[in-house]
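Overview (structure and organization)
As a plain string of letters, each chain reads:
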Amino acid sequence: MSKAPLNPSLTDDQLDQLCINTIRTLSIDAIQQAKSGHPGTPMALAPLVYTLWNRVLRFDPQDPIWPNRDRFVLSNGHASMLLWSVLHLTKTQAVNAEYEILGKPSVTLDDIRHFRQLDSKAPGHPEYHWVSGVETTTGPLGQGVATSVGMAIAEKWLASHYNRPNFQIFDYNIYAICGDGCLMEGVGSEAASLAGHLRLDNLCWIYDNNHISLEGSTRLTFTEDVAARFLAYGWSILRVGDANDPDAIQRALGTFMERKGNPTFIVVDSHIGYGSPHKQDTAAAHGDPLGDEEVRLTKRNYGWPENETFLVPGGVYERFAEGIGKRGSQARRSWTALFEAYRAKYPDLAKEIDLMQRRELPAGWERNLPVFPADSKGIAGRDASGKVLNVLAQNIPWFLGGSADLAPSNRTTLTFEGAGDLQGDNPGGKNLHFGVREHAMAAIMNGLSLSKLRPFGGTFLIFSDYARPGIRLAAIMELPVIFVFTHDAMGDGEDGPTHQPVEQLASLRAMPGLTTLRPGDANEVVEAYRYIMKLRHQPAVLALSRQPLPTLDRSRYAPAAGVAQGAYVLADAPGGVPQVIIIASGSEVSLAVEAHETLVAEGIRSRVVSMPSWEIFDHQTKEYRDSVLPSNVKARVAVEQASTLGWERYVGTSGQVIGMHTFGASAPLKELQRKFGFEPGQVVAAAREQLRKHGLVELEQ
């Protein structure tokens, strides 16, 4: 690595080209050294990224998290060397988890030399949290552009709520670069359709039109008129005929900033692997290093020293400092001064913004949460959830959400006066209508959360499969989004197996960093929300019943506050020394209680453990876990209307699990409960069998 001295005779155009080729060659060298990566797109799009960052983007490398910065999303995340190069060359500063600027670079040249290696700040794809300056984790194609729609919705919402005359506190734009893969994946189409409907004129997608995918020419699979599709979605369409023309790129971006009323889609015609004499415009430049000889030939084409690696010529750092460095610093300082004046005039609003930026909650956020009286008929989990959501949304100004066209069924509609529907002409509404778009909904929720709003989104638990990529990215990024999944078992029995979740709970519980809760009655629903709302860096799933569940008498049974420990002793044997433990979640908790009462009446010392969340329980101390599930009590039964996978960790190898081993069936709920064994008598029989198995009750003659 070397840094050449500044050549004062270079013209502006020559300095621009020097910066562009530095991005290209850093990318080529990093990928070649790693023997892994995707060089073609960085080689093609270096002029675009240079122009966007150094001439247009409102971003301060010295403070990469100031609230009114423009957002940049590299949706085709395999081209991550574009981002690592520009973060390094702009000297973007690192920020820690406490939002403190650390006084060191986000990405060093050494990180780039160790591209894709352990602990490098230049990983294979952009990783939020891991690298400052990355606005969202990307890699799964389509997720980045879909997330950018959430960011654009958030900016509109923030501006609507917090801007005042002469105080444009929020007026930033969102730029997302995407490729053919992002546009082939369905999530991109879902999100683009909604963005057009909402007329998000702060959103610009830039399409790398290089006619190449991993398998070869896009003529194999992708021959549609992409621009016409986006025109039909309601987007404005612009075209740049040559990705190597920075001035044309800048003009197109300028047109985007001037246009109002629609999102903008810019088609940029490019050459993948630009400058490679043998691999330009071929799939060979997509996903593999160029090779040593091709690297030398390509550098020769760029007029670059062929044997230099990781070269940053003199004048490159300075060019970025004079461009984005100076422009971003001025923009941030002006905004900071504006915000201090705003704070003096609107202190309460400024305080809300401060709390939001730190992911904190306002004072009194828990006030008026409902307490449900004991009721044998009870209330459905979804109905209890709806009541809680309406309280929280009034107590927390930036708490908002909706459903994938299922709000009447999910009970996610905010009905209080002033809640409003978020639409193009009402961007400050609190009810989001995602349409039948679970895949995009989850990604959009991530975009809202990355913008520091607190979003919730609903659908049926069975359709969590459609939302799963976004849920997974929320867990990876440690975002406190809330997924409200109703119809959690067989409550919609007549709809049959297609609508009855069996394996979904096990699948969600398997996801690192995700908290899944399945509350057993209305008061457990309240406590589940009380726990979830305190999370700052963790997404949560609520699995809620469609059918009414008995509201337990908490004067007879333990308080629902035990939800905060993940599992708790709900009902116990006289003296607290159980012979058999029955563990249940959700709708099966009342079933377990009914079986418990029968056993106790027979003189059997039974304990019921309500276990709404495995993840929370597993994080409790060993002493607490042993107090709930004593290791010396081997007779155990677990009951859950879902796959039995994983329950052995709580019942042991000799315990019994009453659960699902097949898909469901189409029938009324009571018939399904009878068919699959979810009745009190079945639980009692299983408990007795456990007692016999462990020698605690003599076999009947």
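Below you will find a few notes about this structure. Only a predicted model underlies this, so the values are computations on that prediction, with no experimental measurement involved.

Section: the packing of helix H1 (residues 12-34) against helix H3 (residues 80-89)
For the pair H1 and H3, interaxial distance at closest approach is 9 Å and the crossing angle is 120°. Taken together, the axis directions place H1 and H3 in an arrangement best described as oblique. Crossing angle aside, the handedness with which H1 passes H3 is right-handed. Across the interface between the two elements, Thr-22, Ile-23, Leu-26, Ser-27, Ala-30 and Ile-31 from H1 touch Met-81, Leu-82, Ser-85 and Leu-89 from H3. The class makeup of the residues in the contact of H1 with H3 is 7 nonpolar, 3 polar and no charged.

Focus on the sheet that holds strand E19 (residues 580-584)
A sheet is described by the order of its strands in space; here 5 strands give the open sequence E18-E20-E19-E21-E22, paired in mixed fashion. Looking at the sheet topology across the chains shown, the edges are occupied by strand E18 (568-571) and strand E22 (656-660). When strand polarity is set aside, the average angle formed by the axes of neighbouring strands in this sheet is 25°.

A word on the state of the cysteines
Per the counting criterion, the structure on display carries 0 disulfides. Looking at the unpaired Cys-178, the closest cysteine sulfur is the one in Cys-182, lying at 5.6 Å.

Thoughts on empty space enclosed by the protein
Within this structure, the stated rule accounts for 4 cavities of 30 Å³ or more. Its boundaries defined by the atoms lining it, the largest cavity holds a volume of some 70 Å³. If you trace the largest cavity, you find it lined by Met-356, Arg-359, Glu-360, Leu-361, Trp-398, Lys-452, Leu-453, Arg-454 and Pro-480. Residue composition of the lining of the largest cavity, by class: 5 nonpolar, no polar and 4 charged.

The rules behind the values
Residues numbered from 1 in each chain as written. Predicted model: local features only at pLDDT ≥ 70, side-chain atom pairs only at ≥ 80, totals over all residues. Heavy atoms only, no water. Axes fitted to C-alpha atoms, helices over the stretch in contact; angles between N-to-C directions. Helix = DSSP H or I, 4+ residues; strand = E, 2+ residues; numbered from the N terminus. Parallel < 35°, antiparallel > 145°, perpendicular 65-115°, else oblique. Left-handed = near helix turned anticlockwise from the far one by under 90°. Contact = heavy atoms within 4.5 Å. Nonpolar A, V, L, I, M, F, W, Y, C, P; charged D, E, K, R; others polar. Pairing = 2+ DSSP bridges. Disulfide = S-S within 2.5 Å. 1 Å grid on protein atoms, 1.4 Å probe; cavity = no way out; pocket = protein on both sides within 12 Å on 5 of 7 lines; lining within 4 Å. Points joined across faces, edges and corners; volume = space filled by probe spheres on them.

By themselves these figures say nothing about function.
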